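# Descriptive structure summary
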Amino acid sequence: MKVTVFGIGYVGLVQAAVLAEVGHDVVCVDVDQNKVDNLEKGIIPIYEPGLTPLVKSNFEAGRVQFTTDAAKGIKHGDIVFIAVGTPPDEDGSADLKYVLAVAQTIATHMESHKIVINKSTVPVGTADKVTAKINQVQQDLNKSVSFDVVSNPEFLKEGAAVNDCMRPDRIILGTTSERSEKKLRELYAPFNRNHDKIIVMDVRSAELTKYAANCMLATKISFMNEIANLAELFGADVENVRKGIGSDPRIGYQFIYPGCGYGGSCFPKDVQALVRSATAVGYQAKVLEAVEAVNYRQKEKLFDYIMRHYNNDINGKTIALWGLSFKPNTDDMREASSRVLMEKLWEQGAKVQAYDPEAMEETQRIYADRDDLALMGTKESALNGADCLVICTEWQAFRAPDFDLIKNKLTDPLVFDGRNLFEPSLMSEYGLHYYAIGRGKSVHSVN
């Protein structure tokens, strides 16, 4: 099938590559000529496991093309995905200017029936706005080409996006058009063979499903962080609590790991956007407001530990930091807990020596050259001359370190762990003073 994808970002590129992999003929359109040139050279703008070989092989096979020519893209595709960004506006609501700009472009150039798919995460009612925009532009141009607008939200996890796209848990189609449903069932047939994963519903329900899914997951994380903070005050161990409640099948173990807060491009933005959407219809989403507030506070947790330990004076201290990306297996630092921590450390006169397996270039792009930030080549070199170690991201490479080396390299045998990677008893055996999230009062001193 002939498919066009507008927006070669995280969602658009993964979707395009996977559709091309199963045999569809895909054209990707983006306004960034440099990005298009790089993709044609095999240079992928994001780190995502498995994505680079997928893009390269399908480009070489001619199943995926990259262009800045919108008219070419619209002429090519019977199915047109809108996968551009929806950044938060100043009040936290989703900014639809890029989505509506693509809608205007589609209306301007289309000459035959199109199925327009909203793949971007957008507020409830966006499909109606896209429809209105296309109708308005066509009226202004004295055109009357038929089209359908479908909501088909993505449910990709950064770090596992290719697999999620190839083997989706569900495929949500928001449409009342039998014609569009039939075409999209054909498009997604290669991913729908073991059992029927396609769920068809009205457009607005599909739009809300995406927000509800991300907000539910964010809620679980903030709830567990709240429990971790209580465990710390009560002298309980949140890891035992986590195992105890996770064994209940109604709760399960997923997304109940306490830590130093969630980040990324989805959860923070989507919680804020749904709160603002609720406000717009006269409803106060108190649970979601609390989810956001708890997460904001949790991102300051490691800094609070450090300041408490050093009696509120870290001026001149050197902090070794392991993990910069908001989660493992990505170089994405949007809303990352590491950024909150580093910026607070710098305000207090501390220096940071940081290492991350993938996010070093992104860190350099964000912060450029600073005297108080050194990006180190290995996790071990980040320890050199440091007063203490802080862990912000649970990369596999951090899970089994040389504890003797850590103790010997650090000025203070001190570890602040924002992801609860280690057992407090083990750290005590190695003579390391260990702060973890919600592991009880006893873990904050060496026996």
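Up top is the structure.
Okay, so let's go over this structure. (Residues numbered from 1 in each chain as written. Predicted model: local features only at pLDDT ≥ 70, side-chain atom pairs only at ≥ 80, totals over all residues. Heavy atoms only, no water.)

### Describing the overall build of the protein chain
Broken down by element type, the protein chain carries 17 helices and 14 strands. Rg of the C-alpha trace for the protein chain: 24 Å, near the compact-globule value of 22 Å for 447 residues, within the 12% margin. Each principal axis of the C-alpha atoms in the protein chain carries an extent, and together these give about 75 × 45 × 45 Å. Looking at the protein chain as a whole, 54% of its 447 residues are labelled buried. Considering only contacts within the protein chain whose residues lie at least 6 apart along the sequence, 72% involve residues at least 24 apart. Of the roughly 19,800 Å² of accessible surface on the protein chain, 49% is carried by carbon and sulfur atoms. Distance between charge centres in the protein chain, computed from 50 positive and 60 negative side chains, equals 4 Å. (Helix = DSSP H or I, 4+ residues; strand = E, 2+ residues; numbered from the N terminus. Rg over C-alpha atoms; globule rule 2.2 N^0.38 Å. Buried < 20%, exposed > 50% of the residue type's maximum accessible area, 1.4 Å probe, protein only. Contact = heavy atoms within 4.5 Å. Areas by Shrake-Rupley, 256 points an atom, 1.4 Å probe, with all protein chains shown as cover. Lys, Arg positive; Asp, Glu negative; His and termini not counted. Charge placed at Lys NZ, Arg CZ, Asp CG, Glu CD.)

### Quick look at unusual backbone geometry
Phi at phenylalanine 255 takes a positive value of approximately 65°, unusual for a residue other than glycine. The class for phenylalanine 255 is partly exposed, based on a relative accessible area of 29%.

### Some words on the pattern of salt bridges
Across all of its chains, the model carries 23 salt bridges by this definition. The salt bridge involving aspartate 25 is made with lysine 2; its shortest N-O contact spans 3.1 Å. Remark: lysine 2 occurs in strand β1 (residues 2–6) and aspartate 25 occurs in strand β2 (residues 25–29); sequence separation between them is 23 residues. Here aspartate 372 ties to arginine 370 by a salt bridge, and the two come within 2.7 Å at their closest N and O atoms. Of the residues examined, arginine 370 reaches a relative accessible area of 32% and is grouped as partly exposed. (Salt bridge = Lys/Arg side-chain N within 4 Å of Asp/Glu carboxyl O.)

### Description of the packing of aromatic side chains
One pass over the full model with this rule turns up 12 aromatic pairs. Through successive ring pairs, a cluster of aromatic residues spans Phe403, Phe422, Tyr430 and Tyr434. It is arginine 170 that lies over the ring of phenylalanine 155; its NZ or CZ is 3.7 Å from the centre. Residue placement shows arginine 370 over the ring face of tryptophan 346; its charged tip is 3.8 Å from the ring centre. (Phe/Tyr/Trp six-rings, centres within 6.5 Å; stacked < 30°, edge-to-face > 60°. Lys NZ or Arg CZ within 6 Å of the ring centre and 35° of its normal.)

### Some thoughts on the environment of asparagine 152
Considering the arrangement of structural elements, one finds asparagine 152 in the loop between β6 (147–151) and α7 (161–166). Sequence separation between asparagine 152 and valine 26 is 126 residues, and the spatial gap between their C-alpha atoms is 17 Å. With residues near it in sequence (within four places) discarded, asparagine 152 still touches Phe81, Ile117, Asn118, Lys119, Ile171, Ile172, Leu173 and Tyr188. Polar contacts involving the side chain of asparagine 152 include one to the side chain of tyrosine 188, which spans 2.4 Å. (Polar contact = N/O pair within 3.5 Å; in protein donor to acceptor, adjacent residues only side chain to side chain.)

### What about the state of the cysteines?
Counted according to the given criterion, the structure contains 0 disulfides. Looking at cysteine 165, it has no disulfide partner, and the nearest cysteine sulfur is the one in cysteine 28, 12 Å off. Judged by relative accessible area, cysteine 165 falls into the buried class, the value being 8%. (Disulfide = S-S within 2.5 Å.)

Note that all results are geometric; they support no functional claim without further evidence.
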